[in-house]
Structure formats: C-alpha cells, structure tokens
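Analysis of the macromolecular model
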Amino acid sequence: MKRLLLPVLLLAFLSAQSLPTATLTGKVTVDGAALPGVTVTVTSPNLQGARTTVTSEGGDYILPFLPPGDYTVTFELAGMETVARKLTLAATRTDTVDIELRQSPVQDAITVTAEIPMLAAVESTQVSTNFKQSMIEELPVARNLEAVTLLAPGVNANGPGNNIVISGAMSFDSLFLVNGAVVNENLRGQPHDLFIEDAIQETTVLTGGITAEYGHFTGGVVSAITKSGGNDFTGSFRTSLSNESWASRTPFTTDQEDKINPIYEATLGGPIFRDRLWFFGAGRSSETEDIRQTVPGLARQGDQDANGNQIPIGTQLTPFTYPHGTEELRLEGKLTGTITSKHNIVASYMDIAASEKNQTGQTIMDLDSLVPERETPNTFLVANYSGVLTNSFFVEGQFSQKDYQFVGSGSRDFDIIKGTLITDRARGNRYWSPTFRATDEGEERDITVWTAKGTYFLSTPTIGSHEVRVGYEDFNEVRKVNNFQNGSDYRISVPNTIVRGDQIFPRMPGGSSGTLTRISWLPIFVLSQGSDYTTQSIFINDRWNLNDKWSFNLGVRYDKNDAISGDGHTQIADDSAYSPRLAAHYDLFGDGRLVLNASYGEYVGRLSEGAANDADPAGRSASLQWDYRGPSINNDVNAPTSSLIPTDQAIRMVMDWFFANGGTDRRPFRTTPSVPGVESILDVNGLQSPMVKEMTFGAGSVIGTRGYVRADLVWRNWDNFYTSYRDTVSGKVTDPRTGTVYDLSVIRSDNEVYDREYRGVQTQFRYSVARPLQLGGTYTWSRLRGNVTGEDSGTGPLVGVAGEYPEYRDERWNYPMGYLSGDQRHRAKVWASYDLPTRIGRFNVSLLESFDSGTRTSVDGDVDTRPYVTNPGYLTPPASVSYFFGGRGNLKTDDITRTDLALNYELTFRGVKVFVQPEIINLFNERGLVSYNEEVLTAVDCAPPTGNTTLAAPCPAQGLQRFDPFKETPVEGVNYIKGPNFGKADSEGDFQTPRTFRMSVGVRF
C-alpha cells in the first residue's frame, strides 16, 4: 500500500476537465500466467512518434494520453511471438486489450495481426456514446455540437427555447467541453459554438455513470475534440449552401428571401517538424440574410384588416416582415508538440467576431422592438500539458480562458416614452421598445479554469491493477453587467392589444378595471463591479481491474463554492459537497459477449448565477409594480380606428397619471416588490448547489467484430432546489433608501417542497451488415416527473416560489406533481449509410429516421386566493397565484416523425477528393405541432362586469366566476376557459421543420 499512498499524497496538491484523450490498458499472459517484461508499443497517424511501455510483474500495462483515432498496438518479448492488434480509440474512454502470448517456434518472431472491435462501448461503466465526425459528415444532420448530442440516447431538446436536456436534468445544468475546456454560456448553460465544424474530430456524450473526474453538472457531459494536424499535410475547403426559398411553407409562412446564403469553411494541418511539432488551423465565414417576421398572434375581438374589415376571431394576423442578417468569422489555431517522447503540449485558440442585424431574443409584435445591430465577440484559449514520468506515474495540467461579450444589446432610447416597452399578456409578447438597455460597457461573461491531475498505475499479482487518479480544479465565472431591463426602466403590462391593419393600439383599462393594466418600475439601485463565482474541487478515482471478468470504479469528488456578488464584497454563497461515484463491471464470459454494468453516483451542479440574481444587490434590476387606476384608454375594442389613441400618447397618459399620483412612492404595490439584496436575500448558510442521486443498471454485447448493442436503465432524483421563503418566519425588512417596509424573502436550497425524478432506458447499437452498409441507432424510453420547472428561456435558472406566502397556495393545484415539460416517453434515431464505389467516384446514401413522442403541456392560469385566506400579517399578499386545472402535464403535443436523406458523392484525383452533398430534411414534409398557444383565462383576467363595463372577447360577456381553490373544484366555462387559440399554432416555430433542401460542396486532401 505504501507504493500507492505515496504518489496519491504527492498529487493531492494537484479536475478533470482536461484534454479528452484515450487510455489503453490490459494484461499479457502466457499459459494463463502473468507475463512481465513485454514491450507494448502503439502507433497511430494521430500520435507523434511511437509510445511504449513494459508490462509489470502482474503482466499489466497502461498507456494514457493517447489522442483518439486508429491505432496499431504491438506486443513483443524475446522468445515469444510478436502480436499486433488494430483498434480504434475514442476520447474519454479506456479500452482494454488482453493478450495471450505463445512461445515462438522459430527464431524469427511471427507477427499475428487482427482487427478487434471497439469494446469500450459496452465495457465502460459510463453510459456514453461516441460519434466520429467522419460519420456525422455523411449523415443528414447539422455538424454542430447540439445536433450531434441529440443523436445520443437520453437526450432531447425540450428545455426552454429548445435547449438540450440530458437524462432529465434542467437544461442549464450539463457540461459542454471542446478540447477539454468549458464552452457553456454562463447564465443559461447552453454550449457556444467555439469550433469550426470541419475541424471537429469526434464527440462523446456521457449521460450516466460518470466518473469523479467530471463536475459542475447534474445532467451530462458532452466532450468534443478538434483535429491536430499530422506528419502529412491535410486540409479541406467546404461551402455549405442554404436558401429560405428551398424550404416548404408552413401555414404561417409569408415572405421567403430567395437568396443563397453560403458558409465557407477551410482547414489545414501538417508538420512543422515531423513527429515533434504539428500545426492545425481552421476558419469559418458566414454572412446570412433572411426574412423574419413578428408574432402578432391570432385575431381577437375588434381586430381589423387594412381595409377596416373585422378579422374573424382566431384567424392568424398578418405579421410584419423584416430583413435579418448575421455576419460571423471564426478562426482557430492549434499546436501539438512533443518535448520528448513522453512529454506533450497542446495549445489552441479560437476567436469569433459576430454581429447580428435586427436582433431580438423575445416574441415581438412590431419592428420598434428590434435592436438594429448587436455584436457578440467570443474568444477561447486552451493550453494542456501531459507527461509520462515513469511507466506507472503520469501528470497532466490545463488552463482555459473563455471571454464572451454583448455589445449594443437593447434599447438606445432612454426617455420615458420611447424607452418604455409594452407587454401583451394575452398574446404573450411585447412591442414598442427593445428589451434591455444598450450601454457603452456592454456585458461580459467569462470563465477561467485551472486543472491539474496525476495518475498512478499500481499492478498487483493478487488483486489486479489500479489506475488511481487525483486531481484539483479551480473553476471561476465572472459576469460584469448592469442588467437594465429596458431603456426607461419602466414597462406597462396590458391585457391585450387592438390590431388595425399595420397599426397596433394598447388596450389599457383603468379605474375599477385597473387591475388589468399594470405599471412596472425596474431600476438598478446598486451598479455592478462584476460578480465572481469560484468553485474549487479535488477528486480521487480508482479504476480497478480485478481480473478478466470483474472491474470497478471507485471515486469521490469534493466541490467548494465561494461566490461574491456584483458589489465586489458581499458573500452570497459558501458551501461544499462530496460526490461519491461507484461502479461495477462484470463480463460474464470474459470476451464481451455479455457484459453487465451498475453504478451509483451523486453529481453536484455549479452554483447558478441565475438563481442568485434575485438577491444579488448589484447590477440586478428591482421590480416594483402598481395597478393603473387612471382613465381607461382604448377600452372599447370596437371603436373606430380614428378614435383610438396611439401608443406614444397612451404611454404618456398612463405615466402622467402615475407621476401625478405618487409615482414610485405610490402605495400600495400591486404585488410584493422584488428588490435584490433588500426584500430578497440569500441564506448563505442554507444555499447549496443543486445535486442529483443516480443509479444505473446496464447490459451490453459485442456482435462479433461487426458491432455492439447496449441498454442502460438510468434512475435519478434531484435535491437542493433554489426556493424562496416569504412567510411569517422570514418577517419584514425596511429599505434603507426609502424607508419602505417589505415582506422579506429568504432564498435557500430546499429538499422538502420540490421533487424531480427521471426514469429512462437508454439504448444504442452499431452494426456493419457488410462493408458497404453501416447501421446505427439510439432509442430512449423515459419518464420525467416533478412539481417544479426551475428554468425559463429568458433568465435560465429560476427560484421556486412554493415557499412564498404559503397560506395562499396549495400543493394540489399550485405546484402539483406531474409530467414536466422535459418529459418525452419515446425518442428514437436510426440511421443507415450505404457506400457504392464506382469507376467514376464513390457514392454514398445516408438515411436518418426520427421519432419523437409528444411533449407535455398543462392547462394553468392565475387565480386570486386573497378572499379565501385570513391574512396572518403580510404587507402585500400575492395578487394571483398559478392554478393547474386537471393537474400538471395532462396534455401533450403531436408525435413527430421525420425522414432525412443525404446523397454523398466523392471523386478522387491525384490525392484530392472533390465532394458534393445534397440533403433533404423532412423528406415527406410531415407536419406536426411541437408547441402551441396555451392561453387560459380566469376571473383574474375576466372578472364579472360591473356598472357599464363591458368585457372584450375572448372573455365571456358575463365574465368568469371566482371560486375557492381550497374547497371548490373549478368548472370549465364558469371559472375558467381556454383561450380561443388554445392548442393552435401561433407562429412558424410551432411547427416541426418543414421539408428543407441544403447542399455542401468542397474538396479534401
């Protein structure tokens, strides 16, 4: 044990996000006995020179830090025959090659060469899928990180804004790596495209059983590696062509720009010094132009066309179209060097210059909401060192820096009229002014990571071999932003909007109906100096090969958070957690024909900036809201257009009334204000990163030398949900700036109120029917249940409000258990690729068939519970809370099927390959709804009319009746109604992708 403990202690000062490489290990025997002293040599076009090691006393060997690719491994010992094997190594995996040598019958050694299958796909206790980019290039799929990830089992795009969900986790809580470094966007956690597609070599997706080397996630890990050059000069040039007019129309399609938008990609790699220093460079240039449209929604009572004719309620309104364009230049440079045969350095740098014309990230009704131009520069540096100090002692270190900015995002008008945007609650969209405020300093979102790792290989004659890894990581996120929500700091929320041809008029009921029009003030009281979130981690992991049938993975990770708010000194988090990772592997026959795997693990996510936003006092906007009680404006939806008040005048009338009646000192508030750092605070001692407990059980089998099949059951249960508690215990707080007293909200982690649970069977297979025909596929059966959504497309992570005024809520209808929006019962991807070589070139036909069962939605609306609760002393009880009619997730969207086809042609002439690839997405133009309008109206929206008040459709003339949610069961048509467009598409994006043609042409050498 001293041989093991000493290196571990020495490395304790040295996580694992490092350059994704492969490891080769195994055991050499003769007549069943361990054979020491065998020289094991590996060679590959992707490896600088040859790498060698010698088997230990127990016959074991290990070769780490191998770039993924095709290898030949040779086993040599005097007096024994020489054996060579060919295999393909994948990044992040460990392949085991055990060899039985025989004595050589002649003096000259005999070389026996055979090809062995990639056993790691079934042998690994990690649930993982590996995709070579050469395969992706022939399939009819986009070549980016998201599209490749979605081919893996256990993955879908059902997060907010179609974000990626892995094994049931919230979409912001997975880890995306390029060259071993984090490329997640800080707030919403989705990957930035910090690569050139033709530069990617392969991508590995981990969805379960993940070792202790990886942290900062509760979902999965996606790791891509780019090419590195070689001893021969290679390169490529590709032009990808698309055109809006090459796509079939949906019922909502208006104009289509008939213009080809090319994307140019180029790569070049080769030797500076053979076997010592390689270079690789890549570039990508794109300039796209397309026609986009606003989303005015469906017609309501009073809407008219340009000729003054009434538009039937529920008819799609004509959107405004506008030109949209992007310009982007991506550049990558990479150097791979060998100091000696056992010491390597790899460094890569990526720079992206990107701009967007007429940008918006929201659902808008008009062109005034567009940002004329926004820039989003992004840079990415990764430097990695790996060293083999002895045959059993290895070290590795890595540094990465990702800098990302928003420049010019938001409104450039700060005045009270033009800088005040309007939100239409009925249609769920906004207009008049852009969201956010464009400031000179913009916004920075940066990530810096330092990692160090050491590996000690211990071989014993009785208890097998141990590959012990110890690592350290310093993970730092910085966000510098003053997040102004719009130009003037004011918003007006209206119940609906009157559309007259190409004009829109806000409907602003006032007086006794003033609860329908709301004024929001969104100031920033404390300017940000930049928040600073740091996580320091250490881990130890032992990959233990007991014998040719049993192996284990024993690991634990420790993560400690230290977060400082944007004011530069307030601590907003100080917590830590241990994450055990345990797994067992059993090969029933010792040859891969039947393999069983099981694991237990706990994963701890990164501390979320989005969750801390509500209580960070610096750079975050407050939210104070009042009912508008002034004169009604445009309340008669049937009034002639000439008598309707334009938006600018309507805003002036509302704001004049507001400032004449107390302005920001007006009381009471409509609902509880949100003032970060004052009325809401973080419980530093009670705030912990989200975590999930996971168990997996799997079985797999290699199918001769032609393929494999694997199935894994993944069970997960989450803890530590961000939750706000505003109750009789939290008490009250006084704003030192104004003397205003608020009900205090305390944000901490919760394990009692909320629940989230995932069950999934994740299957995959690959099979070569014959050399020309390759088959593959993945299928997932899953179920995701819970009572918390926990995120949205705007801010990413959300703080749950089940603890806010608990007397006014009930779990049965306010946060009930049910199927979550990320639930998808069935998801299948099956692909086939057929090669046909001819005298005039190589033809390839690739087909991808997809099936996605519908995703879950609910019938939910707002109810006012105040009349049915005795106020225990709150200053501002909630004006409305959510009510789920019929439970959570009781409806679902359409099942979606799709057939995609790619035709590949390649002609080789003097070493240069010319290729053409036309693709048809959704070949049969199948049409289904992937989302739809979900408007639900209650008495909060349609209170029974009083006096001469009249209600506009879709409210029934008699209004909707209140009900006691604690005692009564609501009745549809009496207490609530579905909007007239419920279940119908609102925009083109609600339909699945229509039939679309695209093409790529280029050369490779």
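Computed from a predicted model, the values in this text were never measured in an experiment.

**Regarding the overall build of the protein**
Secondary structure summary: the protein contains six helices and 62 strands in total. Taken over C-alpha atoms, the radius of gyration comes to 31 Å for the protein, in line with the 30 Å a tight globule of 1005 residues would show. Across its three principal axes, the protein shows a C-alpha extent of roughly 110 × 65 × 50 Å. Looking at the protein as a whole, 59% of its 1005 residues are labelled buried.

**Observations regarding the sheet that holds strand β50 (residues 800-804)**
Ordered by their spatial adjacency, four strands build an open sheet running β39-β45-β42-β50, and the pairing between neighbours is mixed. Edge positions in the sheet fall to β39 (680-682) and β50, since each of these pairs with one other strand and no more. Pairs of neighbouring strands in the sheet enclose a mean axial angle of 35°, with direction left out of account.

**Quick look at empty space enclosed by the protein**
Considered as a void within the structure, the second largest cavity measures approximately 150 Å³ in volume. Taken together, 16 residues form the lining of the second largest cavity, with Met170, Phe172, Pro690, Asn720 and Phe721 sitting closest to its centre. Breaking the lining of the second largest cavity down by element, the ones donating at least two residues are β41 (707-719) and β42 (721-726). Broken down by class, the residue content of the lining of the second largest cavity amounts to nine nonpolar, four polar and three charged.

**So, the sheet that holds strand β27 (residues 429-431)**
Neighbouring strands of a sheet are bound in pairs by backbone hydrogen bonds; such pairs are parallel or else antiparallel. Strand order in the open sheet made by the five strands is β27-β26-β30-β33-β38, with mixed pairing throughout. Pairing within the sheet leaves two strands with one partner each, and these edge strands are β27 and β38 (624-627). Strand-to-strand twist across the sheet, computed as the mean angle between neighbouring axes with direction ignored, equals 25°. Those strands touched by helix α6 (residues 647-660) are β26 (421-424), β27, β30 (490-494), β33 (518-521) and β38, and its axis lies near 110° from that of β30.

**Quick look at the packing of aromatic side chains**
Tallied over the entire structure, the rule returns 36 aromatic pairs. Taken together, a centroid distance of 5.7 Å and an interplanar angle of 85° make the contact between Trp521 and Phe525 edge-to-face. Arranged with centres 6.5 Å apart and planes meeting at 90°, the rings of Tyr805 and Tyr808 form a pair that is edge-to-face. Across the pair, exposure class does not vary: Tyr805 and Tyr808 are buried alike. Among the aromatic residues, those joined into a ring-pair cluster are Tyr490, Trp521, Phe525, Trp626, Phe658, Phe659, Phe669 and Tyr742. We note Arg856 situated over the ring of Tyr819; from NZ or CZ to the ring centre the distance is 4.2 Å.

**Looking at a nonpolar patch on the surface**
Together, Phe233, Leu268, Leu907, Val912, Val914 and Phe1005 line one region of the surface with nonpolar side chains, adding up to about 500 Å² of accessible area. When its relative accessible area of 42% is taken as the criterion, Phe1005 is described as partly exposed.

**Quick word on the nonpolar core**
Core analysis: the largest hydrophobic core is formed by 33 residues, its most contacted members being Phe131, Leu145, Leu151, Val155 and Phe380. Residue assignment for this core shows that the elements contributing at least two residues are α4 (145-149), β14 (175-178), β16 (200-208), β17 (221-226), β20 (277-293), β22 (343-359) and β24 (378-390). Each residue touching Val155, except ones within four places of it in the same chain, is listed here: Thr149, Leu150, Ile164, Val165, Ile166, Val205, Thr207 and Arg827. Counting 31 residues, the second largest nonpolar core, distinct from the first, contains Ile311, Ile417, Met508 and Val654.

**Brief notes about the confidence of the model for the protein**
Residues at a pLDDT of 70 or more form 96% of the protein, whose mean pLDDT is 91. Overall, residues 1-16 carries pLDDT values under 50, and its contacts beyond four positions in sequence, including any with other chains, amount to 36 contacts.

**Structural notes on unusual backbone geometry**
Residues Arg667 and Pro668 are joined by a peptide bond in cis, for which omega reads 5°. Within the secondary structure layout, Pro668 lies in the loop between α6 and β39. The backbone phi angle of Ser167 is positive, close to 50°, even though this residue is not glycine. Among the secondary structure elements, Ser167 is positioned in the loop between β13 (165-166) and β14. Look at Asn358: it is not a glycine, yet its phi comes out positive at around 55°. Tracing the backbone shows Asn358 in strand β22. Accessibility expressed as a relative area gives 18% for Asn358, which makes it buried.

Thresholds, definitions, all that
- Residues numbered from 1 in each chain as written.
- Predicted model: local features only at pLDDT ≥ 70, side-chain atom pairs only at ≥ 80, totals over all residues.
- Heavy atoms only, no water.
- Helix = DSSP H or I, 4+ residues; strand = E, 2+ residues; numbered from the N terminus.
- Rg over C-alpha atoms; globule rule 2.2 N^0.38 Å.
- Buried < 20%, exposed > 50% of the residue type's maximum accessible area, 1.4 Å probe, protein only.
- Pairing = 2+ DSSP bridges.
- Axes fitted to C-alpha atoms, helices over the stretch in contact; angles between N-to-C directions.
- 1 Å grid on protein atoms, 1.4 Å probe; cavity = no way out; pocket = protein on both sides within 12 Å on 5 of 7 lines; lining within 4 Å.
- Points joined across faces, edges and corners; volume = space filled by probe spheres on them.
- Nonpolar A, V, L, I, M, F, W, Y, C, P; charged D, E, K, R; others polar.
- Contact = heavy atoms within 4.5 Å.
- Phe/Tyr/Trp six-rings, centres within 6.5 Å; stacked < 30°, edge-to-face > 60°.
- Lys NZ or Arg CZ within 6 Å of the ring centre and 35° of its normal.
- Patch = residues over 30% accessible without salt bridge, like charges linked within 9 Å, V, L, I, M, F, W, Y side chains within 5 Å.
- Areas by Shrake-Rupley, 256 points an atom, 1.4 Å probe, with all protein chains shown as cover.
- Salt bridge = Lys/Arg side-chain N within 4 Å of Asp/Glu carboxyl O.
- Core = buried A, V, L, I, M, F, W, Y, C linked by side-chain atoms within 4.5 Å.
- pLDDT = per-residue confidence, 0-100.

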